[in-house]
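An overview of the molecular structure
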Amino acid sequence: MEPCDAARPGFDRVAGAPPRRLLLPPLLLSLLLGRGLRVAAAASASSGAAAEDSSAMEELATEKEAEESHRQDSVSLLTFILLLTLTILTIWLFKHRRVRFLHETGLAMIYGLIVGVILRYGTPATSGRDKSLSCTQEDRAFSTLLVNVSGKFFEYTLKGEISPGKINSVEQNDMLRKVTFDPEVFFNILLPPIIFHAGYSLKKRHFFRNLGSILAYAFLGTAVSCFIIGNLMYGVVKLMKIMGQLSDKFYYTDCLFFGAIISATDPVTVLAIFNELHADVDLYALLFGESVLNDAVAIVLSSSIVAYQPAGLNTHAFDAAAFFKSVGIFLGIFSGSFTMGAVTGVVTALVTKFTKLHCFPLLETALFFLMSWSTFLLAEACGFTGVVAVLFCGITQAHYTYNNLSVESRSRTKQLFEVLHFLAENFIFSYMGLALFTFQKHVFSPVFIIGAFVAIFLGRAAHIYPLSFFLNLGRRHKIGWNFQHMMMFSGLRGAMAFALAIRDTASYARQMMFTTTLLIVFFTVWIIGGGTTPMLSWLNIRVGVDPDQDPPPNNDSFQVLQGDGPDSARGNRTKQESAWIFRLWYSFDHNYLKPILTHSGPPLTTTLPAWCGLLARCLTSPQVYDNQEPLREEDSDFILTEGDLTLTYGDSTVTANGSSGSHTGSTSLEGSRRTKSSSEEVLERDLGMGDQKVSSRGTRLVFPLEDNA
Amino acid sequence: MERQSRAMSEKNEYQFQHQGAVELLVFNFLLILTILTIWLFKNHRFRFLHETGGAMVYGLIMGLILRYATAPTDVESGTVYDCVKLTFSPSTLLVNITDQVYEYKYKREISQHNISPHQGNPILEKMTFDPEIFFNVLLPPIIFHAGYSLKKRHFFQNLGSILTYAFLGTAISCIVIGLIMYGFVKAMIHADQLKNGDFHFTDCLFFGSLMSATDPVTVLAIFHELHVDPDLYILLFGESVLNDAVAIVLTYSISIYSPKENPNAFDAAAFFQSVGNFLGIFAGSFAMGSAYAIITALLTKFTKLCEFPMLETGLFFLLSWSAFLSAEAAGLTGIVAVLFCGVTQAHYTYNNLSSDSKVRTKQLFEFMNFLAENVIFCYMGLALFTFQNHIFNALFILGAFLAIFVARACNIYPLSFLLNLGRKQKIPWNFQHMMMFSGLRGAIAFALAIRNTESQPKQMMFTTTLLLVFFTVWIFGGGTTPMLTWLQIRVGVDLDENLKEDPSPQHQEANNLDKTMTKAESARLFRMWYGFDHKYLKPILTHSGPPLTTTLPEWCGPISRLLTSSQAYGEQLKEDDVECIVNQDELAMNYQEQASPCSPPARLGLDQKASPQTPGKENIYEGDLGLGGYELKLEQTSGQSHLN
């Protein structure tokens, strides 16, 4: 490190606006080759005479160096790929032998750890050849820098800002540096397929039945957990300050930020076991739905906490204006991302409906993929959160577009995203294992770590039990104690918490958070994930439930008490369990959105009022008229999802239609709601679950109605 | 204050991200548009524009808009400071700007005269990919898919001819183009359009080699759709696939060729070093690719991974990718490795996969191929306007057009003539014309050309390549259907039927006899390989073929029992593996007949010496050998590595 003040580094304003080239391809590329081309152009004072020859030689040398670095990058990527291969083989062995205590993600982490240890202690440390130049006449950093080194021009791109304290420790080990990825890779390449796949496979029949509870857990629960963890951690930090263990600043907002990132639960392990053992479907849907929506909430929450910047002099006092601004940002980003995702989903549905693209499954799949990816990019371009948009896009795609796809495309898209999801997830987890050793700025603080462990358990408990209590007030089908314990137990942390934590590791506080997050992920995935099967049997949660069999084929879902055992009675009652707002949405969805966006549902001509008959005819696909029965069969998957709800709805429409005596289909929303709420009042206690929950959910529930209407 | 500034920099970061997202979005929309248009075309059975052509058109339009509709921002052109103390260019640069330290990463070297164009339009610059992206991200799936779908039954029947076209043909075409271009360059120097000394003969050869990579996607798509004669299809397809590999390695070895003193003079040592490079890289990549495929085959054979199709697909994908990365890490050519990996995977691993995985892998790579191909063609259209250092030189472009036609003619007609001397089923004139006509250039030529656009000759080459690709894809691609009818090439041939009974109108005189002869048409060396493959490799690597216990000598009984899968003993296997057996059975049967008089190892020894004289008693069956010793030698290197 030799600061040469006399030397004037060549600064060239290449462009005024912050120009970086296409970000994502370089990211992909930087995975493959980009990291730090090491060029040592022999810059002997070249006399002009031997210019051509020596420059040719130099060029060759440079090329060779570049090649060398490319080779190293290939090696580092190869390391990851071989790790994944190893993981796959071991997983196969485990699955084959039915060993359930270690999930593939846990295994990926173990392999990552091993390689991390080897890289850390098995490779010699090289000394970085950095130069620090100070430049007085420039007041800001440019994204591209042209440097003239003895007649040759070199282009440099801005990589990031380094806090002055860290300059000396930037790079000791070349190899470690090579295997460290730009954190944005996680957000831009690895997380989107995972999240999209989660959204795309949310099309579980039980998801919509438990939508109310899931939303409550996801939104309220995450907020509760974030605040509790944040406050507890603030206490811990204060304690550390007293004990003198804190060497740098740690503000309350940092604590809240930690609370937000660590609230993103990711129980892949638990869910995989549930799936394999066919655990109770309701529990599965609750956990899965919560964890998926959870991620979205946590991302937006953490970014709005980062955005919280009080105005006045005291930057860490409470500032109401800034607080409300943060809340506004939260709502804005969330609803914006939601709209973005839903809109592109709807557009895809319309395109696939009105073109006959399903004759060419390849084209269809490609279109589907591109549209979904566009959602991500569009949201990022508009300043929303791409990952959240992708999640809702996935849900919408599953709900509408999926029904328009040809049979082949359905399996293609499913399999494609399954593979992408699998690879990305295991990649992240093996990177996590690696990062414990290769990340160079770990701050291990035992007090903080212990505090964090206590905090996440308390946060989880304060989230699950009270919310379940409130939900049980309204729910017909109570969430049993064993379910609550299981949910409490399944508070694993995973990819999302890690990605959020690694995104910014510039300050001391953030580094401490990152280390702690890493340890929490390890602990929860290995210990809690491994303990799932014993826990299931200990809590007496029923296992081996066939999800297809679960809703008994009784059309008379009103005969609630007809069941012979408590189990089947419970199954029946579950169907009436959503509040009427949801039912309103379902009927709207079934009557208008589905017919508009897909080939299924009743023809629009019957559901829309007579005066928009032309429009209705235009929008209804001919298939709907021709064969409603075959359609139903062909679409059974989707009908089943909705079956219970459409059944209840169907009954009420029959009464409505019966009273009006005509089949004009003018069953307006109000009418159906009124008849329903009157006739089914006895059955729906959900309404009575208190205004508190309804209002709290109201804010989010408005979205679907708004932007689809 | 500190916090404030951090927020600022965070905001900057945010801005960057937006920029990247917007540009990618542009590509996404272009692709979506292309898909919709293609659907329309397919729906109405328009065949004059292939999807790649469509992608190029949209790319062009978008490039036009970007070029002329966006205002070039006026950038204050800063002075480039000289740094006296900095005597080399380090990989990272830490810059201290008013107490903020920024880290800069080395990107590339810029030659002096390229500095100014960079300050034009920032949007155009942002729409420019790093050329390495083509080689590392976009081309591998395309090439792998090509290799993976080479598993056509006719491929092995025509292997000799295909290899001849791919190796000899590419070499011829490279040299012919190089020579013609050298002539034009000399003419340009006379016409004062070019400074003397800028454009060496090696540059011309470089251009020749990159121009030799044909890529008739358009033609093949139409052939596929119309069910054109499978022999013609496989000749073209096989040639174009192997062609790419040869052209890539050839280009690399030419760019490495650096004579010691005078760059223009011929230097024998450097030349042989280049040839050695070519052979080494080619054989190395081949070995790397097949090694990974064999590992995959063994893994899928000996684990019961087929219970979990997803894991299987994941493993398949990862190991194929590893082939690419390992080759790159070892200094070989990843793309070539991936190609041979694909071929080997299709030959062995494919038979071990569960039926679910078979479909999955096929679809996965098909999908990736589709996207990557269209992105490249789209980018080509865009690059015509957004690339800032175009050098349009009418003479050079004209010369290049002329050269590729002449070279294609020199490649197809003489080689076909030679091959016809040996082949029983001649390659008829209309096939030759069609092959001549199908010399489209595509993604590989473009990727090779864009890889290095630093110097002026390279920029000229890039521009010319771009124009050639446009021209060939649109004109030739669009003219395929008329050409097919004009040349009276039979259309609507059912692949499965074709083998058994098909007295086609063209081959009236040679009808049934001719068909049976086709089967005998590969040279003895190839047949030897088939026998070996069928008896030893297939049983070792897959669940199919005869059990090893019967094919191996007695003394290695334990090993053979160990390696033979339990399924090989049962007979249900044959049914399950029909596809691969069908592929081989004509050849395997053939081999059985031939091999009875003499034992294979002895013949191998004989063969190496006697190859020039082989047209002895077996002349009736195998003409392909008559194509000369050169090809055989090449074959041996690759064959050898296969045996390993």
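These figures come from a predicted structure and were not determined experimentally.

Quick notes on the rules
- Residues numbered from 1 in each chain as written.
- Chains lettered and ligands numbered in written order.
- Predicted model: local features only at pLDDT ≥ 70, side-chain atom pairs only at ≥ 80, totals over all residues.
- Heavy atoms only, no water.
- Helix = DSSP H or I, 4+ residues; strand = E, 2+ residues; numbered from the N terminus.
- Buried < 20%, exposed > 50% of the residue type's maximum accessible area, 1.4 Å probe, protein only.
- Areas by Shrake-Rupley, 256 points an atom, 1.4 Å probe, with all protein chains shown as cover.
- Contact = heavy atoms within 4.5 Å.
- Axes fitted to C-alpha atoms, helices over the stretch in contact; angles between N-to-C directions.
- Parallel < 35°, antiparallel > 145°, perpendicular 65-115°, else oblique.
- Left-handed = near helix turned anticlockwise from the far one by under 90°.
- Nonpolar A, V, L, I, M, F, W, Y, C, P; charged D, E, K, R; others polar.
- Disulfide = S-S within 2.5 Å.
- Salt bridge = Lys/Arg side-chain N within 4 Å of Asp/Glu carboxyl O.
- Domains from an automatic or database assignment.
- Buried area = accessible area lost by both parts, 1.4 Å probe.
- Patch = residues over 30% accessible without salt bridge, like charges linked within 9 Å, V, L, I, M, F, W, Y side chains within 5 Å.
- pLDDT = per-residue confidence, 0-100.
- Core = buried A, V, L, I, M, F, W, Y, C linked by side-chain atoms within 4.5 Å.
- Phe/Tyr/Trp six-rings, centres within 6.5 Å; stacked < 30°, edge-to-face > 60°.
- Lys NZ or Arg CZ within 6 Å of the ring centre and 35° of its normal.
- Expected span 1.5 Å × (residues − 1).
- Polar contact = N/O pair within 3.5 Å; in protein donor to acceptor, adjacent residues only side chain to side chain.

With respect to the overall build of chain A
Helices and strands together make up the secondary structure of chain A, namely 28 helices and three strands. Every one of the 709 residues in chain A was classed for burial, and the buried ones make up 60%. If you sum the accessible surface of chain A, you get close to 27200 Å²; carbon and sulfur atoms cover 64% of it.

Digging into the overall build of chain B
Within chain B one finds 28 helices and two strands. Residue pairs at least 24 apart in sequence account for 81% of intrachain contacts in chain B once pairs closer than 6 positions are excluded. For chain B, the accessible surface area stands at approximately 25400 Å², while carbon and sulfur atoms represent 63% of it.

Things to note about helix 8 (residues 217–226) of chain B
Residue and element names in this part refer to chain B. Of all the 10 residues making up helix 8, seven are buried; the element is thus mostly covered by neighbouring parts of the structure. Three or more residues of helix 8 are buried, namely V217, T218, V219, L220, I222, F223 and L226. Structurally, helix 8 contributes buried residues whose contacts are with helix 2 (51–69), helix 9 (230–256), helix 13 (355–386), helix 15 (429–437), helix 17 (456–478) and helix 18 (480–486). One or two steps after helix 8, the chain reaches H227, where phi turns positive at roughly 55°.

Observations concerning the packing of helix 10 (residues 281–307) of chain A against helix 11 (residues 320–354) of chain A
All names here are of chain A. Where helix 10 contacts helix 11, the two axes come as close as 9 Å, and the packing angle between them is 140°. One finds that helix 10 runs oblique with respect to helix 11. Here the hand of the crossing between helix 10 and helix 11 comes out right-handed. Where helix 10 approaches helix 11, its residues A296, V297, V300, L301, S303, S304 and A307 are matched on the opposing element by S326, I329, F330, I333 and F334. Across the contact of helix 10 with helix 11, the residue classes tally to nine nonpolar, three polar and no charged.

Points about the environment of I305 of chain A
All names here are of chain A. Summarising the element assignment, I305 is placed in helix 10. Take I305: its relative accessible area is 13%, and that puts it in the buried class. Through-space distance from the C-alpha of I305 to that of F323 is 8.9 Å; in sequence the pair is 18 residues apart. Leave out the neighbours within four places in its chain, and I305 touches C226, T253, L256, F257 and A260.

Considering the state of the cysteines
Residue and element names in this part refer to chain A. Under the counting rule described, the total for this entry stands at zero disulfides over all chains. The thiol of C255 is unpaired, and the distance to the nearest cysteine sulfur, on C226, comes to 11 Å. Judged by relative accessible area, which is 0%, C255 ranks as buried.

Re the pattern of salt bridges
Where charged atoms from two side chains of opposite charge come close, those side chains can pair. Following the criterion strictly, the structure yields eight salt bridges over all chains and no others. Measuring nitrogen to oxygen at the nearest pair gives 3.2 Å for the salt bridge that ties R460 of chain A to E290 of chain A. Taken together, the residues span a long stretch of sequence, with R460 of chain A in helix 15 (residues 446–474) and E290 of chain A in helix 10 at a distance of 170 residues. Accessibility classification places R460 of chain A together with E290 of chain A in one group, the buried group. As a salt-bridge pair, E239 of chain B and R408 of chain B come within 3.2 Å of each other at their nearest N and O atoms. In this pair, E239 of chain B sits in helix 9 while R408 of chain B sits in helix 14 (residues 394–422), placing the two residues 169 residues apart along the sequence. For the pair E239 of chain B and R408 of chain B, a shared accessibility class is recorded, and that class is buried.

Re the domain arrangement of chain B
All names here are of chain B. If you check the domain split of chain B, you get domain 1 (1–37), domain 2 (131–259 + 270–495) and domain 3 (521–563). For domain 2 versus domain 3, the distance between C-alpha centres works out to 32 Å. Between domain 2 and domain 3, the contact holds 18 residues from the first and 15 residues from the second. Taken together, the two surfaces of domain 2 and domain 3 that pack against each other cover about 1400 Å², and 56% of this comes from carbon and sulfur. On the domain 2 side of the contact with domain 3, F156, K301 and Y348 bury the most area, a combined 40% of that side's loss.

Some remarks on a nonpolar patch on the surface
All names here are of chain A. On the surface, L232, I450, V454 and L458 cluster together into a nonpolar patch covering about 330 Å² of accessible area. Of the residues forming the nonpolar patch, the biggest block, three residues, is contributed by helix 15. As for its position among the elements, L232 is in helix 7 (residues 211–243).

Observations regarding the side chain of T365 of chain A
Within the secondary structure, T365 of chain A is located in helix 12 (residues 361–381). Residue class for T365 of chain A comes out buried when judged on its relative accessible area of 2%. Those residues in contact with T365 of chain A, other than ones at most four positions away along the chain, are S409, R412 and T413 of chain A together with F367 of chain B.

Quick notes on the confidence of the model for chain A
With 61% of its residues at a pLDDT of at least 70, chain A reaches an overall mean of 70. A low-confidence stretch, residues 550–577 of chain A stays under pLDDT 50, and its non-local contacts, those more than four residues away or across chains, total 45 contacts.

Topic: unusual backbone geometry
Even without being glycine, N540 of chain A reaches a positive phi, approximately 60°. With respect to the helices and strands, the residue N540 of chain A is situated in the loop between helix 19 (532–538) and helix 20 (566–574). Residues other than glycine seldom take positive phi values, yet Q488 of chain B does so here, at roughly 55°. Tracing the sequence through the fold places Q488 of chain B in the loop between helix 18 and helix 19 (495–500). The class for Q488 of chain B is exposed, based on a relative accessible area of 57%.

Digging into the nonpolar core
Formed by 334 residues in total, the largest nonpolar core has its most connected members in F258, M486 and F498 of chain A together with M434 of chain B. Ranked by residue count, the leading element in this core is helix 13 of chain B, at 16 residues.

Quick look at the packing of aromatic side chains
Each pair of aromatic rings is reported with the distance of its centres and the angle of its planes. All told, the structure shown has 60 aromatic pairs over all chains when counted by the stated rule. Ring geometry for Y284 of chain A versus F288 of chain A: centroids 5.9 Å apart, planes at 25°, classification stacked. On the criterion of helical spacing, the pair formed by Y284 of chain A and F288 of chain A is a turn pair, its members being four residues apart in helix 10. Of the two residues, Y284 of chain A and F288 of chain A, both sit in the buried class. Grouped by ring-pair contacts, the aromatic residues F196, Y200, F368, F369, W373, Y402 and F417 of chain A together with F367 of chain B constitute a single cluster. Between R451 of chain B and the ring centre of F135 of chain B, over which it is positioned, the NZ or CZ distance is 3.8 Å.

Some points on helix 10 of chain A
Residue and element names in this part refer to chain A. In a regular helix each residue adds 1.5 Å, so 27 residues correspond to 39 Å; helix 10 covers 39 Å between its end C-alpha atoms and thus fits that length. Extensive coverage of helix 10 is indicated by the burial of 24 of its 27 residues. For helix 10, the N-terminal capping position is held by D280, with its side-chain oxygen 2.9 Å away from the main-chain nitrogen of D282.

Brief notes about the packing of helix 8 of chain B against helix 9 of chain B
Residues and elements named next belong to chain B. At a minimum axis distance of 11 Å, the contact between helix 8 and helix 9 shows a crossing angle of 150°. Comparing the axis directions of helix 8 and helix 9 gives the class roughly antiparallel. Both helix 8 and helix 9 take part in a crossing whose hand is left-handed. In contact with V219, L220, F223 and H224 of helix 8, helix 9 contributes L232, Y233, L236, F237 and S240. The class makeup of the residues in the contact of helix 8 with helix 9 is seven nonpolar, two polar and no charged.

Here's the deal with the environment of L277 of chain A
Residues and elements named next belong to chain A. Among the secondary structure elements, L277 is positioned in helix 9 (residues 268–277). The class for L277 is buried, based on a relative accessible area of 14%. Each C-alpha atom, one on L277 and one on V543, is 6.0 Å from the other, the two residues being 266 residues apart in sequence. Leave out the neighbours within four places in its chain, and L277 touches R100, T533, L536, V543 and G544.

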